[in-house]
Each structure stands twice: as C-alpha cells, then as structure tokens.
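Observations on the three-dimensional arrangement
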Amino acid sequence: MTQTVSQELDLLALKEKARQIRLDILEMTTLAGSGHPSSSFSTVEILTALFFGGILRYEPGDPWWVDRDRFIMSKGHAAPALYAVLAHAGYFDRQELWRLRQIDSPVQGHPIQGMMPGVEATTGSLGQGLSVGLGHILGGRLNRLDYRVYVLLGDGECEAGQIWEAAMAAAHFKAGRLTAILDYNKFQETGPISREMALEPLAEKWRSFGWYVSEVDGHDLGALIESLQELKSIQDRPAILIAHTVKGKGVSFVEADFTFHGRALNPEQAAKAREEILCA
Amino acid sequence: MRLGEKAGLKPSKPMRDVFGDALLEVATNNPRVVVLDGDLGNSTKAEYVRQAFPERFFNLGIAESNLVGVGAGLAGCGFIPWITSFSSFLLCNAYDQIRLAIAMSNLNAKILGSHGGITLGKDGPTQMGIEDLALMGGLPTMVILVPSDPASMHAAVQAATDHVGPVFLRSSRVAMPHIYPEGDCPFEIGKANVVRQGEDLAIVACGLMVAAALDAAAQLAEEGIQARVLDLHTLRPLDRAALEAAARETGAIVTAEEHLLQGGLGSNVARVVAGSYPVPMRFVGLQDVYVESADPDDLLVKYHLTAADIAAAAREAFAAKQR
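First, a word on scope: everything that follows refers to the structure included in this document. (Residues numbered from 1 in each chain as written. Chains lettered and ligands numbered in written order. Predicted model: local features only at pLDDT ≥ 70, side-chain atom pairs only at ≥ 80, totals over all residues.)

This part is about the overall build of chain B. Within chain B one finds 13 helices and 12 strands. Relative to the 2.2 N^0.38 estimate, which gives 20 Å for 323 residues, the radius of gyration of chain B is 19 Å and therefore close to what a compact globule would have. Within the span of chain B, comprising 323 residues, buried residues form 62% of the whole. Partitioning the contacts of chain B with sequence separation of at least 6, the portion at a separation of at least 24 is 79%. (Helix = DSSP H or I, 4+ residues; strand = E, 2+ residues; numbered from the N terminus. Rg over C-alpha atoms; globule rule 2.2 N^0.38 Å. Buried ≥ 20, exposed ≤ 12 C-beta atoms within 10 Å, placed from the backbone. Contact = placed C-beta atoms within 7 Å.)

Next up, the structure:
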C-alpha cells in the first residue's frame, strides 16, 4: 500500500520533471531562434523515464565513468531535449542551456561528442547512433563490464540503410544489452511518414531482423518505465521499444502543424506554449 | 626495367602483406588495439589479427557505414580501432560516418584504406582508390599517411597507433621496393624524409611514386641534374618547413602521386609553395580520368605514372627555373 502511494508520488514528481524539461526546450529554442522543438517535445517522457525513472545507471560527477550506461541520441536534431535532460541530471549548469547555438558555446545545434559531458556521440546526420551503440556493446564485452546501451532513434531515421546494417549486426552479435527506443511520432521533415515513405510494418521489420520488439505509449511515464525495466530481462538479443508519440507533444498548435519540425516558436507563440505546458 | 632498379632498390613483398604484419605487431604489443573488417580481411591482410587475436577482431560484413560507427563506439570505450577495408568502398560508402563519428568527434580511431591508387590493376576502376587522399583531405582533423616501402609501412602503422586522434593510412596491393633499411625508417608524423640530396630541383612524392622518383633522380643525375627527393609520407599535417626549404634551396619542384591531381599531394604542396616561396612546378599524377582493368605496369605507363614521366616533368621544371 505504502509502495503504491510512493510510486504515485514519484510519478507526479516525474511528470513535473518532464514539464520542466519541456519548458527548457521551449526557452532554449525560442532564445536561439532556431532548432527542432517539436522533435524534441516528442522525446521528453522517454528521456525523463530513462534518466529519472531508475533506468539508466550514470554518475554526472564522473560523466565518462567506464561502467556507466550509455545513452546515445541518434536523432541528433532533438539535441535541445538531450541538453535539457543532461542539465537536469546534473551533468552541467542549467544556465548553459541558454547558450544553445550561440557563438563560442559548446551547446551545438546538433550534439558533438567531446563538447558537452554526457554527449556520447556526434549525431545529426541521421542513421548513425545505433552503430555507435553496438560498438559500445562490443567494447563492454572486451572490458568485461555489464553496462547497458540505450539509443534513441527517430522514425524517419529508420529509412536510412545504416540502421538496418546495425540492426543485422546487433542481432548477429547477440547484443542483449542494447536497447533501441523509437520515438515514433509519425512525421518526418516534409510530412507524414506514411505519405513520404512506407515504413510499416515496422515492428515486423525489427522482429524479422532478430530483435525483441515491444510497444508503448511514449508519453505514459509509468508505462515507459515498466517497459524499459522489462526489456532489461532480454539477454539473448537486442530489443527495441517502439514508443508511440506525438510530434510537438504538449503544445496544441505545434502538435497540429508538422512544419514546426525545424522551426522555433517566436516569443508570442512561446508565451502561449508556456501557458499550455504549465497548465497541462 | 623494374621499379626501383635504376636507383638500386631491392624488391619486396606486396604492401598489403607488410600492412598485415605491421598490424599484427601493434595488436600483439597493445591490447587496446581492435581490428574491424568489412569482409575483406583476406585482401587487406587484416586477417592476420583474426588468426592471432580472434576476440579483438570483428567482421562487420559488407556494410561500411555500420563498420565505421561500430569502430567509433569501440573508440568511445577506450580501444584503438583499426577500421579496415578497400579505400574505395570504405571511404565512399562511409564518408559521412567517418566525417561525423570519427573526424568531427576527433576520436582515436584509425582508418586503413587498402588497394589505394591504380596498381591493384586487373580488378579495374570500381575497386581502385584514386580519390582517397582528396576525400580524407576534406576532414580537417584527419592525419593522412602514405607509406612508401616496407620499413615506412611498419613505422607508419606504429605511429598511427601511438598518435591520439583520427588517422587515415593508405595501403596498396602492389609491392614497393625497399627505400629504407628494414626496421629502420625515421618516421615522424608531419615530417618529410629527404631520401636523396640534390640542389637542382626537388621531387616530392608519396607511396609508390617515391621509388619512381628515386629512379628518375638516378636518370637525371646521369644528365647532370641533381634532384632532391622528398618522401612526403604525411599529407596532413604538411611539412611546410621541408617544402619551403626545397623550394628555396632548389628553385623548382615536381610532385608525383598515384592519385588524382585534384586534391592530392600535388595540390597540397602547390598551396604551400605558392604561399611561401613560389617556384616553377610540374605535377605527375592522374588527370581527370577513371582508368581501366589491366596489368599494373601497363596502367602506370599508359597513365603516365612512371620514372620516365617524372624525369620528363623534372627537365621541364628545371628548364623553367633557368628562364
């Protein structure tokens, strides 16, 4: 009984954390006057579950601790979400966020490895993160470490051949500690994915490549944490969690307009968005 | 006449075999070295490591993009990955991955592009790496090494492994004669080796063309022209001091490379010479052309990559400086 209550309280705290991260993404991109707010918004609950839901093992004071779990943001245009969650996790001062895309700042428009603590890979040309994640799995084996590797993929990104090269290789190497999470928000830059490129049947594709596939509501924090915990028990093959999300999640007029993909909100829009996020 | 014969150089075994030996050597001495293969280990000779240290050898199959990404991940774990395949397939398929995951990330990873140039011969232009140096030149953090003989291959593989940062190293299918005593090549990244002294002009070459340049210099000496020969084994960082000294002290420069003239050794040397001490220059290399399937020696003659071509260019440059 007590446990249920505390879990509910935790979930409330997590929801509040997600709200703060979403607000920070909004502020960062509006201040920068550019960026990908809608692609970042759809990842917020996934990142919150990973970093604050007891899934990832990490040590912000020792960001390159050899036995840390790896988190790789393969959809590099969601960099604002990555930076926001890393700041909230304590990797660096939250004030750094307001330097996104400014001159002489390490907070690059897309993540560059080595420039910010916690950024495990340079991404922004889509399709690359899963391969890097597999490299960390193979390295972990050689080093006899038991960390896990999480890679956040975009859905449009799954049109890239390299994703399927990596998918084939990860199954070949029985990369049981590798978990991909797909931010399946159903839109790519130029429009609905179903209109631009036939990606379905997606779960079947991954299954046929030898992966364990699970699906979840990508904005339900409790369900996300439960699914990610469950996937830790899959040891003999890599796993993918297909997280069904909403592009622009949390701001109604961004959800309704996919052209916000590579566009920041202007200050007036941001004020309205802030209100919506605060009231949610 | 055999390559290197005129200059009195002894023949050796194919450079890819030398690379395999050298790679095995660094893998033996350094447990952090891991080797990644794009299913060509029997051609690149990276397979020597597979036989000796199977746990540190990964064949990622015919999927170069993933090959490079996995190498980047291993580098992120503190290993020193040697990512190996043919120059043509590896660099052209995975340029984006080498650019982001290795070069932009400034990772401690090594790229081995074998079968560089045209001397793989009969397999034809689809397999040849005639643009590898230009492609790697497009990556600002990438050290670019082109060994010219067995001793320099051993030294280059060691230097690349010891260097902290991204390195591209070119290997070849062809045999290159001994220029340096075995096991005794002075090799400092970014420092050209003067392999022949001379004051009348300088020939700056890399790879196979160093032996050809020494043959050409032997011929020119008989004509009373003393050519200095530089083995420019590092294209990045360039040895600006050695190039400027060559220009200042000899007054004429010929470059020679088994690569497109566009974006290779010659254009890099020209940039330094033009910006420091302009002198007459001539360039031996591939014009804008894809070559064909044929015996390597026939290709070198047809596409003007022989000692005779270097000597002809040298006479022109030498004459131009007299005017």
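And the narrative resumes.
Below, the discussion takes up the nonpolar core. Core analysis: the largest hydrophobic core is formed by 209 residues, its most contacted members being B:Leu23, B:Ile203, B:Val204, B:Ala213, B:Ile253, B:Ile310 and B:Ala314. Beyond its immediate chain neighbours, meaning those up to four positions away, B:Ile203 contacts B:Ala213, B:Ala216, B:Ala217, B:Ala227, B:Val229, B:Val254, B:Ala256, B:Ile310 and B:Ala314. (Core = buried A, V, L, I, M, F, W, Y, C linked by C-beta atoms within 7 Å.)

Quick look at the sheet that holds strand β4 (residues 110-114) of chain B now. Residues and elements named next belong to chain B. Pairing is mixed across the open sheet formed by 7 strands, whose spatial order is β2-β1-β3-β4-β6-β5-β10. The sheet is open, and its two borders are formed by β2 (57-59) and β10 (234-236), each paired with just one other strand. Strand-to-strand, the axes of this sheet are offset by a mean angle of 20°, without reference to chain direction. In terms of strand pairing, strand β1 (residues 33-37) meets β2 through 3 bridges, oriented parallel. (Pairing = 2+ DSSP bridges. Axes fitted to C-alpha atoms, helices over the stretch in contact; angles between N-to-C directions.)

Here the focus is the interface of chain B and chain A. Taken together, the contact pairs 23 residues of chain B with 25 residues of chain A. At the level of elements, α4 (64-76) and α6 (95-104) of chain B are the ones that each hand at least two residues to the side of chain B that touches chain A. If one sorts the elements of the side of chain B that touches chain A by residue count, α4(B) sits on top with 9 residues. Residue composition of the side of chain B that touches chain A, grouped by class: 11 nonpolar, 10 polar and 2 charged. (Nonpolar A, V, L, I, M, F, W, Y, C, P; charged D, E, K, R; others polar.)

Mapped onto the elements, A:Gly135 comes out in helix α5 (residues 129-142). Classification of A:Gly135 as buried rests on a count of 35 C-beta atoms within 10 Å. For the pair A:Gly135 and A:Val149, spaced 14 residues apart in sequence, the C-alpha separation works out to 9.8 Å. The contacts of A:Gly135, once residues within four sequence positions are left out, are B:Gly69, B:Val70, B:Gly71, B:Ala72, B:Gly73, B:Leu74 and B:Gly76.

Bringing the packing of helix α9 (residues 208-222) of chain B against helix α13 (residues 307-322) of chain B into the picture now. All names here are of chain B. Viewed as axis vectors pointing N to C, α9 and α13 meet at an angle of 55°, and their least axial separation amounts to 8 Å. Of the possible angle classes, the one that applies to α9 and α13 is oblique. Taken as a pair, α9 and α13 cross one another with a handedness that is right-handed. Counting all contacts with α9, which are made through Ala212, Ala213, Asp215, Ala216, Gln219 and Leu220, the residues of α13 involved are Ala307, Ile310, Ala311 and Ala314. Residues that form the contact of α9 with α13 fall into these classes: 8 nonpolar, 1 polar and 1 charged. (Parallel < 35°, antiparallel > 145°, perpendicular 65-115°, else oblique. Left-handed = near helix turned anticlockwise from the far one by under 90°.)

A word on the packing of α5(A) against helix α6 (residues 161-172) of chain A. All names here are of chain A. At a minimum axis distance of 8 Å, the contact between α5 and α6 shows a crossing angle of 25°. Regarding the angle of α5 to α6, the classification is roughly parallel. Taken as a pair, α5 and α6 cross one another with a handedness that is left-handed. Counted together, Leu130, Ser131 and Leu134 of α5 and Gln162, Ile163, Ala166, Ala169 and Ala170 of α6 form the full contact between these two elements. Grouping the amino acids of the contact of α5 with α6 by side-chain chemistry returns 6 nonpolar, 2 polar and no charged.

Residue and element names in this part refer to chain B. Taking strand neighbours across the sheet as the criterion, the 5 strands line up as β7-β9-β8-β11-β12 in an open arrangement whose pairing is mixed. At either end of the open sheet lies a strand with only one pairing partner, and these are β7 (193-196) and β12 (281-286). On average, each strand axis in the sheet is tilted by 25° relative to the strand beside it, whichever way the strands run. Pairing of β7 with strand β9 (residues 227-231) involves 3 bridges; the strand directions are antiparallel. Bridging across to β9, valine 194 finds its partner in leucine 230. On top of the sheet, α13 reaches β8 (201-205), β9, β11 (253-260) and β12; it is set at about 160° to β12, its chief contact.

Residues lying three or four places apart along an α-helix face the same way, a consequence of the helix completing one turn every 3.6 residues. Within helix α9 (residues 221-231) of chain A the residues assigned to the buried category are A:Leu221, A:Leu224, A:Ile225, A:Ser227, A:Leu228 and A:Leu231. Viewed end-on, α9(A) has its buried residues packed into an arc of 165°, placing them on one side of the element. (Arc of directions from axis to C-beta.)

What follows concerns the pairing of strand β3 (residues 80-86) of chain B. All names here are of chain B. With 7 of its 7 residues buried, β3 lies for the most part within the structure. Inspection of the sheet shows β1 paired to β3 by 5 bridges, in the parallel sense. Looking across to β3, one finds that valine 33 is bridged to isoleucine 80. The pairing of β3 with β4 spans 5 bridges and is parallel. From the neighbouring strand, tryptophan 82 faces β4, where its bridge partner is lysine 110.

The subject of this paragraph is unusual backbone geometry. The amide bond that connects A:Glu200 to the next residue, A:Pro201, takes the cis arrangement and shows omega of 0°. Along the chain, B:Arg236 connects to B:Pro237 via a cis peptide bond; the corresponding omega equals -5°. Located in the positive-phi region is A:Asp104, a residue other than glycine, with phi close to 65°. Along the chain, A:Asp104 turns up in the loop between α4 (79-89) and α5. Take A:Asp104: there are 5 C-beta atoms within 10 Å of it, and that puts it in the exposed class. The residue A:Arg144 is not glycine, and still its phi comes out positive at about 55°. By the element assignment, A:Arg144 lies in the loop between α5 and β2 (149-154).

Another point: the environment of A:Phe260. Residues and elements named next belong to chain A. Of note, phenylalanine 260 is situated in the loop between α10 (252-255) and α11 (267-279). Along the sequence, phenylalanine 260 and proline 201 sit 59 residues apart, while their C-alpha atoms lie 26 Å from each other. Ignoring sequence-local partners within four residues, the contact set of phenylalanine 260 consists of Pro37, Ser38, Gly248 and Val254.

If you trace the backbone, A:Gln162 turns up in helix α6. Spatially, the C-alpha atoms of A:Gln162 and A:Val44 are 25 Å apart, while their sequence positions differ by 118 residues. When near neighbours in sequence (up to four residues on either side) are disregarded, A:Gln162 contacts A:Gly127, A:Gln128, A:Ser131, B:Ser65, B:Asn66 and B:Gly69.

What follows concerns helix α3 (residues 44-52) of chain A. All names here are of chain A. Counting buried positions over the 9 residues of α3 gives 9, a clear majority of the element. Along α3, the residues classified as buried are Val44, Glu45, Ile46, Leu47, Thr48, Ala49, Leu50, Phe51 and Phe52. One or two positions beyond α3, positive phi appears at glycine 54, with a value near 80°.

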